[in-house]
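Chain by chain, the residues run as shown.
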Amino acid sequence: MEEMGMTNEQYKGMLLDELEVWSDMLKLAKNSETDELVEKVQQ
């Protein structure tokens, strides 16, 4: 039976995409000067 799911390279690519999104969200949170939002995004 054929294996289902992502390859390691696909998974790494997905994680890098998510990291980029979270990095952008952190920048936006810092620009908003809302401490609670910044703390939540950094978790």
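Quick caveat, the model's predicted, so the values are computed rather than measured. Here the residue index of a chain counts from 1 through its sequence in written order. Only residues with pLDDT of at least 70 are given local features in this predicted model, and only at 80 or more are side-chain atom pairs given and counted; all residues enter the totals for whole chains, interfaces and linings. Think of the side-chain values as coming from all heavy atoms in the structure, minus any hydrogens and water.

The helix and strand labels rest on DSSP assignments: H or I over at least four residues marks a helix, E over at least two residues marks a strand, and numbering proceeds from the N terminus. Helices and strands together make up the secondary structure of the protein, namely 2 helices and 0 strands. Projected onto its principal axes, the C-alpha positions of the protein cover 50 × 15 × 10 Å. A burial count over the protein gives 7% of its 43 residues as buried. The Shrake-Rupley method, run with a 1.4 Å probe, gives the accessible areas here. Residue values count only the displayed protein chains as cover. For the protein, the exposed surface amounts to about 4400 Å²; the carbon and sulfur share of it is 54%. His is not counted here, nor are the chain ends, while Lys and Arg score as positive and Asp and Glu score as negative. Every charge is mapped onto a representative atom, which is NZ of Lys, CZ of Arg, CG of Asp or CD of Glu. Computed over 4 positive and 11 negative side-chain charges, the separation of the two mean positions in the protein equals 6 Å. Relative accessible area decides the class of each residue, using a 1.4 Å probe on protein chains only: under 20% of the type maximum gives buried, over 50% gives exposed, and in between gives partly exposed.

Let us now look at a nonpolar patch on the surface. On the surface, a nonpolar cluster with roughly 300 Å² of combined accessible area is contributed by Met6, Tyr11 and Leu15. Position of methionine 6 among the secondary structure elements: in the segment before helix 1 (8-32). Among the residues examined, methionine 6 registers a relative accessible area of 47% and is labelled partly exposed. Excluding any residue in a salt bridge, patches collect residues exceeding 30% relative accessible area, merging like charges within 9 Å and nonpolar Val, Leu, Ile, Met, Phe, Trp and Tyr side chains within 5 Å. Think of a salt bridge as a Lys or Arg side-chain nitrogen and an Asp or Glu carboxyl oxygen that are within 4 Å of each other.

Coordinates in, geometry out; function isn't part of it.
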